[in-house]
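Letter by letter, the chains look like this.
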Amino acid sequence: PSPAEAAVRLQAWTRGTMARQRIKQRQAEEAERMHRLRSIQWWWGKTASQAEGPVPLDVLEEAFKNDLMTEKTLVWQPEFGSRWIPLRETPDLLAWLRSVK
């Protein structure tokens, strides 16, 4: 190949390698996020006084799949301190639940 063709091939190879690295990085981040979410004991309910918990993530998945939870449902876990948070304000958890619905 000519020097120009070789340069184009090298650029294509580099772009492909970089794209694969970005995909692997995103997969690793997703696996870490999933591991973190699964390791948390959650509480959930329409109000804090009506909450269920602690429950593992798979219970939240089932509740979300069966429309027992909405984005307005309150969730809590120890990192939140004393604050109950609407599901819509927990982007990692909400994104996960939407992905498995």
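A short tour of the structure in this document, coming up.

Cut-offs applied
- Residues numbered from 1 in each chain as written.
- Predicted model: local features only at pLDDT ≥ 70, side-chain atom pairs only at ≥ 80, totals over all residues.
- Heavy atoms only, no water.
- Helix = DSSP H or I, 4+ residues; strand = E, 2+ residues; numbered from the N terminus.
- Rg over C-alpha atoms; globule rule 2.2 N^0.38 Å.
- Contact = heavy atoms within 4.5 Å.
- Areas by Shrake-Rupley, 256 points an atom, 1.4 Å probe, with all protein chains shown as cover.
- Lys, Arg positive; Asp, Glu negative; His and termini not counted.
- Charge placed at Lys NZ, Arg CZ, Asp CG, Glu CD.
- Axes fitted to C-alpha atoms, helices over the stretch in contact; angles between N-to-C directions.
- Parallel < 35°, antiparallel > 145°, perpendicular 65-115°, else oblique.
- Nonpolar A, V, L, I, M, F, W, Y, C, P; charged D, E, K, R; others polar.

**Considerations on the overall build of the protein chain**
Stage number 1. When you go through the protein chain residue by residue, the secondary structure sums to three helices and four strands.
Stage number 2. Whereas a compact globule of 101 residues would reach a radius of gyration of roughly 13 Å, the protein chain reaches 21 Å, over 25% beyond that.
Stage number 3. Taken along its principal axes, the extent of the C-alpha atoms in the protein chain is 75 × 25 × 20 Å.
Stage number 4. Partitioning the contacts of the protein chain with sequence separation of at least 6, the portion at a separation of at least 24 is 45%.
Stage number 5. Counting every atom, the protein chain has about 7000 Å² of accessible surface; 56% of that belongs to carbon and sulfur.
Stage number 6. Once the 16 positive and 13 negative side-chain charges of the protein chain are each reduced to a mean point, those two points are 7 Å apart.

**Some thoughts on the packing of helix α1 (residues 3–39) against helix α2 (residues 57–65)**
Stage number 1. It is at 8 Å that the axes of α1 and α2 come closest, and there the two elements cross at 95°. It follows that α1 is roughly perpendicular to α2 by the angle criterion. Of the residues in α2, those touching α1 at M34, L37 and R38 are L57, D58 and E61.
Stage number 2. Among the residues making up the contact of α1 with α2, the classes are represented as three nonpolar, no polar and three charged.

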